[in-house]
Amino acid sequence: MIRTTHMEVFNLRDFEDVAREKLDPVYYDYFASGAQDEVTLAANEAAFRRLALVPRILRGHGPPRLAGSVLGCESSMPVLLAPTAFHRLAWPSEGEAATARAAREAGVIMIAAMLSTITIEEIAAAGGTLWFQLYIQPDLGFTESLVRRAEAAGCRALVVTVDSPALGRNERGDRNDFHDLPPGIFCANMRGSGRSDGRNDGHVRQVSLSPEISWRHVEWLRGVTRLPILLKGVLHPADAAQAVSCGVDGLIVSNHGGRQLDTTPATIDRLPVIADAVGGQVPLLLDGGVRRGTDVVKALALGASAVALGRPVLWGLAGGGADGVAQVLSLLRRELENALTLCGADSPGALTKDQVVG
Ligand SMILES: Cc1cc2nc3c(=O)[nH]c(=O)nc-3n(C[C@H](O)[C@H](O)[C@H](O)COP(=O)(O)O)c2cc1C
Ligand SMILES: O=C(O)C(=O)c1ccccc1
């Protein structure tokens, strides 16, 4: 158990308090914040609270089975690590290597962020099953080189983030004047892109979040790799349908944890319409505000194959490196097992959407 002088952790939210104590307040704000008024940030968790779970009774089964697979990758539970940037701000010595080790030991999939602070090759050396998150760069030669590196490192899917034609307006970051990484920490995968001197190579300014990116780029990507492609940041059912027509293999219903367009709806409130549009043709994942086993159950019942966790992983990492992340995952696993049992479900697949009521 991670304990600080006066804090014990019993659930994922407790980890945020531990992290807040340990982190530089500027980095805490970077991790915790959402865009502008943080309406969406709050809405994600509030929507889970608003939804009620209806248990089924007397089903007479053993402990629920949590293990399954997503796009051909085994996972010990239907929970992935969402891609988050800059893990060395939370755990300077190892960064993403610590996160990857914890994910491997827990038997879950880590979606490694393109903006990691160690390279994808270094993450792969520490990790189990990895997927690679990509911001398609207008320099397609560079983008293709990242795809080839992810393939060579053994990543099993590409997650293309599509909610970022620009960076969201982060006012906590502005107030803290946090716009650059501190000396010695870089966007390790970005080195060699752009024209920067060797010393500052891997600078955040080399990253392009561009409004030029379009469906043509997704079609281009479909032609350059055989890896499964997921789009992350889908909120409109028409976009979900178009993605399936484009040959996309999976979708992540996400509003980037409320960090991009503020006032977008809570992800759990969009899941039913997206599930209807996709009609089971590709797996759906969801992230944003998942903090409890009951949140996972609600997403699974409404049509998600799995969920992804963003900030709680960063709080675990800041609290205790790989051990902290391991504890976050094990707390959530126990909660999920308990919630499924109380719902009368012997596996995620046994849940039905009528078990969630508004
Ligand atoms: C500090 C931080 C950095 C993030 N960096 C990325 C990123 O580089 N790429 C990406 O696609 N999403 C990024 N995200 C969004 C997460 O993948 C995910 O959508 C979100 O955190 C889920 O919400 P949650 O934090 O409430 O679990 C980031 C989120 C946070 C909090
Ligand atoms: O912070 C983020 O959510 C994120 O995705 C990002 C995007 C560009 C630069 C740094 C982080």
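Because the structure is a prediction, the values reported are computed rather than measured.

The rules behind each value
Residues numbered from 1 in each chain as written. Chains lettered and ligands numbered in written order. Predicted model: local features only at pLDDT ≥ 70, side-chain atom pairs only at ≥ 80, totals over all residues. Helix = DSSP H or I, 4+ residues; strand = E, 2+ residues; numbered from the N terminus. Rg over C-alpha atoms; globule rule 2.2 N^0.38 Å. Buried ≥ 20, exposed ≤ 12 C-beta atoms within 10 Å, placed from the backbone. Contact = placed C-beta atoms within 7 Å. Axes fitted to C-alpha atoms, helices over the stretch in contact; angles between N-to-C directions. Parallel < 35°, antiparallel > 145°, perpendicular 65-115°, else oblique. Left-handed = near helix turned anticlockwise from the far one by under 90°. Nonpolar A, V, L, I, M, F, W, Y, C, P; charged D, E, K, R; others polar. pLDDT = per-residue confidence, 0-100. Near = placed C-beta within 6 Å. Pairing = 2+ DSSP bridges. Right-handed = clockwise from strand over helix to strand, strands pointing away. Expected span 1.5 Å × (residues − 1). Bend = angle between axes of the 7 residues up to and from the residue.

## Side note on the overall build of the protein
Looking only at helices and strands, the protein features 12 helices and 14 strands. Over its C-alpha trace the protein gives a radius of gyration of 19 Å, about what one expects of a compact globule, namely 21 Å for 358 residues. A principal-axis box enclosing the C-alpha atoms of the protein has dimensions of 65 × 55 × 40 Å. When burial is assessed residue by residue, the protein has 51% of its 358 residues classed as buried. Taking the contacts inside the protein whose residues are at least 6 apart along the sequence as the reference set, 71% of them involve residues at least 24 apart.

## Points about the packing of helix H11 (residues 293-301) against helix H12 (residues 311-343)
Interhelical geometry of H11 versus H12 gives an angle of 60 degrees and a closest axis separation of 7 Å. When the interaxial angle is binned, H11 and H12 end up oblique. Handedness of the crossing formed by H11 with H12: right-handed. In this structure, H11 contributes Gly293, Thr294, Val296 and Val297 to the contact, and H12 contributes Leu332, Glu335, Leu336, Asn338, Ala339, Leu340 and Cys343. For the contact of H11 with H12, the per-class residue count stands at seven nonpolar, three polar and one charged.

## Notes on the confidence of the model for the protein
Where the model shows low pLDDT, its predicted coordinates should not be examined in detail. A residue-level look at the protein finds 97% of positions with pLDDT of 70 or above and a mean pLDDT of 97. Here the complex is predicted with pTM 0.98, and the ipTM for its interfaces comes to 0.99.

## Thoughts on the site of ligand 1
Near ligand 1, the surroundings consist of 22 residues, among which Ala82, Thr161, Gly257, Gly310 and Arg311 are the closest. Considering only residue class, the shell around ligand 1 consists of eight nonpolar, 10 polar and four charged.

## Things to note about the site of ligand 2
As a structural note, the neighbourhood of ligand 2 is formed by Ala85, Leu115, Leu167, Val204, Val207, Leu209, His256 and Arg259. Taken together, the residues that form the shell around ligand 2 break down as six nonpolar, one polar and one charged.

## So, the pairing of strand E9 (residues 158-161)
A two-sided burial pattern is seen for E9, the buried positions comprising Leu158 and Val160 on one face and Val159 and Thr161 on the other. The pairing of strand E8 (residues 130-134) with E9 spans three bridges and is classified as parallel. Residue pairing in the sheet places phenylalanine 132 in a bridge with leucine 158 of E9. For the crossover that starts at E8, traverses helix H6 (residues 140-152) and ends in the parallel E9, the hand is right-handed. Pairing geometry for E9 and strand E10 (residues 229-234), over four bridges, is parallel.

## Some words on H12
Along its 33 residues, H12 runs just 27 Å from first to last C-alpha, ending more than 12% under the 48 Å computed at 1.5 Å per residue. When the local axis directions of H12 are compared, the greatest deviation, roughly 140 degrees, occurs at glycine 320. Glycine 344 sits one or two positions beyond H12 and adopts a positive phi of about 80 degrees.

## Brief notes about unusual backbone geometry
Comment: phi is negative for the bulk of residues other than glycine, and the bulk of peptide bonds are trans. The backbone phi angle of aspartate 177 is positive, close to 55 degrees, even though this residue is not glycine. Structurally, aspartate 177 can be placed in the loop between helix H7 (171-175) and helix H8 (215-224). A positive phi angle, near 80 degrees, is found at threonine 263, a position not held by glycine. Relative to the elements of secondary structure, threonine 263 occurs in the loop between strand E11 (250-253) and helix H10 (267-278). On the basis of neighbour count, threonine 263 is assigned to the exposed category, with 12 C-beta atoms found within 10 Å.

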